[in-house]
Amino acid sequence: MPPSPFTLSSTTRSWPSAQVTTVRLTGHVDEETWPRLAACLERALTISAGPYVAVELGPDAELSDAVARRLISLVLDGAGRTPRLVLTGEWSSAEGGTPGPDEAPADSANRGDTELHDLRANLRTRPLIAQAQGILQERYGLRDAETAFDLLRDSSQQHNVKLRTLASVFLSAPRPADGPQWFPGRTRVPAPELGFAPWLRRSRVPRSAFAEAVLGTALRCVRSTRGMLHIADPLIGPQLEAHQGIPDALLDHLTRGPDGAGRGPATDAMREGRRSALVDGLDDPRLTEETRQALRAAGIGRAWYAPLLSASGESSGVVTLYAPPAGPVPTETEWKALDLVVAQAGEWLDWHRRTVMLDALEQLHAQARSHAGKPRG
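Note that the coordinates shown come from a computational prediction; the quantities given were computed from them, not determined experimentally.

Rules used throughout
Residues numbered from 1 in each chain as written. Predicted model: local features only at pLDDT ≥ 70, side-chain atom pairs only at ≥ 80, totals over all residues. Heavy atoms only, no water. Helix = DSSP H or I, 4+ residues; strand = E, 2+ residues; numbered from the N terminus. Buried < 20%, exposed > 50% of the residue type's maximum accessible area, 1.4 Å probe, protein only. Contact = heavy atoms within 4.5 Å. Areas by Shrake-Rupley, 256 points an atom, 1.4 Å probe, with all protein chains shown as cover. Phe/Tyr/Trp six-rings, centres within 6.5 Å; stacked < 30°, edge-to-face > 60°. Pairing = 2+ DSSP bridges. Axes fitted to C-alpha atoms, helices over the stretch in contact; angles between N-to-C directions. Salt bridge = Lys/Arg side-chain N within 4 Å of Asp/Glu carboxyl O. Left-handed = near helix turned anticlockwise from the far one by under 90°. Nonpolar A, V, L, I, M, F, W, Y, C, P; charged D, E, K, R; others polar. Polar contact = N/O pair within 3.5 Å; in protein donor to acceptor, adjacent residues only side chain to side chain.

A. Expanded view of the overall build of the protein. Broken down by element type, the protein carries 12 helices and 12 strands. Relative to its full complement of 377 residues, the protein shows a buried share of 51%. Long-range contacts, defined here as pairs at least 24 residues apart, represent 69% of the contacts in the protein between residues at least 6 apart. Surface summary for the protein: the accessible area is close to 17300 Å², and the carbon and sulfur share equals 51%.

B. Up close: the packing of aromatic side chains. Summed over the entire model, instances satisfying the criterion amount to 5 aromatic pairs. Relative to Trp 351, the ring of Trp 348 has its centre 5.6 Å away and its plane inclined at 55°; by these criteria the two rings are tilted. Here Trp 348 pairs with Trp 351, and both are found in helix H11 (residues 332-354), just 3 residues apart, close to one helical turn. One exposure class covers both Trp 348 and Trp 351, and it is buried. Taken together, the ring pairs in this structure connect Phe 170, Trp 182 and Phe 183 into an aromatic cluster.

C. Seen up close, the environment of Pro 285. Mapped onto the elements of the fold, Pro 285 is located in the loop between strand E10 (276-278) and helix H10 (289-297). In this structure the C-alpha to C-alpha distance between Pro 285 and Gly 264, which are 21 residues apart in sequence, comes to 8.8 Å.

D. Structural detail: the sheet that holds strand E11 (residues 302-309). With antiparallel pairing, 5 strands are arranged side by side in an open sheet as E9-E8-E12-E11-E10. Among the strands making up the open sheet, the edge pair consists of strand E9 (237-244) and E10. Along the sheet, successive strands turn relative to each other by an average axial angle of 20°, direction set aside. Each of strand E8 (226-233), E11 and strand E12 (315-323) touches H11; the most contacted strand, E11, lies at about 40° to it.

E. The pattern of salt bridges, seen in detail. Scanning the entire structure with this criterion turns up 19 salt bridges. With its nearest N and O atoms 3.1 Å apart, the salt bridge here joins Asp 339 to Arg 275. Here Asp 339 is found in helix H11, whereas its partner Arg 275 is found in the loop between helix H9 (265-272) and E10, with 64 residues between them in sequence. For Asp 339, a relative accessible area of 32% translates into the label partly exposed. When its relative accessible area of 34% is taken as the criterion, Arg 275 is described as partly exposed.

F. Fine view of the packing of helix H5 (residues 145-158) against helix H12 (residues 356-371). At their nearest, the axes of H5 and H12 sit 9 Å apart, and the two run at 145° to each other. Between H5 and H12 the crossing geometry is right-handed. Here Thr 147, Leu 151, Leu 152, Asp 154, Ser 155 and Gln 158 of H5 lie close against H12, whose contacting residues are Ala 360, Gln 363, Leu 364, Gln 367, Ala 368 and His 371. When the residues that make up the contact of H5 with H12 are grouped by side-chain class, the tally is 5 nonpolar, 6 polar and 1 charged.

G. Geometry of the environment of Leu 71. Assignment of secondary structure puts Leu 71 in helix H2 (residues 65-77). Its relative accessible area of 1% is what places Leu 71 among the buried residues. For the pair Leu 71 and Leu 41, spaced 30 residues apart in sequence, the C-alpha separation works out to 9.9 Å. For Leu 71, the residues in contact, after removing those within four places along its chain, are Trp 34, Leu 41, Val 55, Leu 57, Leu 63 and Leu 87.

H. Structural detail: the side chain of Ser 315. Topologically, Ser 315 is positioned in strand E12. A relative accessible area of 18% places Ser 315 in the buried class. At a separation of 3.1 Å, a polar atom in the side chain of Ser 315 contacts the main-chain carbonyl oxygen of Met 270.

I. Representation of the pairing of E8 within the structure. Counting buried residues in E8 gives 6 out of 8 residues, a clear majority hidden from the surface. Of the pairings in the sheet, the one linking E8 to E12 comprises 6 bridges and is antiparallel in character. Residue pairing for E12: Leu 229 is matched across the bridge by Val 319. Bridging between E8 and E9 involves 7 bridges; their strand directions are antiparallel. Along E9, the bridge assignment pairs Asp 233 with Gly 237. As consecutive antiparallel partners, E8 and E9 are separated by 3 residues.

Written out as structure tokens, the structure is:
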């Protein structure tokens, strides 16, 4: 029997506190393989001790269109259940996929292909928001999904956080106890100092403005003009938050992940919590040949990776800084300046998720309780 294109595992994440059961897809899944995958997902949902099961689509995952539609349907249809499926990553379509015998007629299939294309393009956003809507509606007895969406949108706008980010934090947070507060007894603290951007001290500054300031300062520290900043999402991993000087073709490739794939030097730096570098023409086995070629085509021959760490040592993201093959190497003073910037950034992100994000959840909780059972006006 050929090796299985999926594996089942379990890990624990420190914040929000949750055990994560994971089904990782790494190969080709078609109509013949689907029953085995469906059984694996059912087992994962049965054994999960946490609030969700993550279906991670690795860089080599290849799904037939019929299987992709079935998988997406499982994710969206189970939005109101616990545990629930969360779909992350990207996949490629199997060439020449043949519809199964239970496929819909041609016009319906065309609509399904269009939906599949749209869902693939918005994979990191739409399933999370759809699931958050369903759970919010079920948990608080809201009249419809539109009311749930309105509450999510209002809270995200009030606290200057992305709707996708709020949905992800909502899905991964522990279920609130009965009562007017989601996190009773919580102590709020002021925003930490950012010596390189003192104007960001106010509590509800958009995280995107913070990311731009961090990246711009980090680039100046090492005398570079090209870089990216990824921030860790509690459900779907590192998400691109800011970039400068990256050509469109390279950016399209790197949006799959910090390294153009699910794992590489940037994700290792974030996981291990220490700065790392790639020199000598990016000759590193952790980079795929496709990524290496994309970087070289953009004139990049060196890269530095600096994780954003909190005082407790928890990584909140990673800054990637690029340079041409030849040029000045950062001095020890410049490295120390960069370390100070990323340390302050890590503290700010830790504060943001423990204060601003929880404030947004508190507002969502309070507003949902007040709308419970009410018709839309």
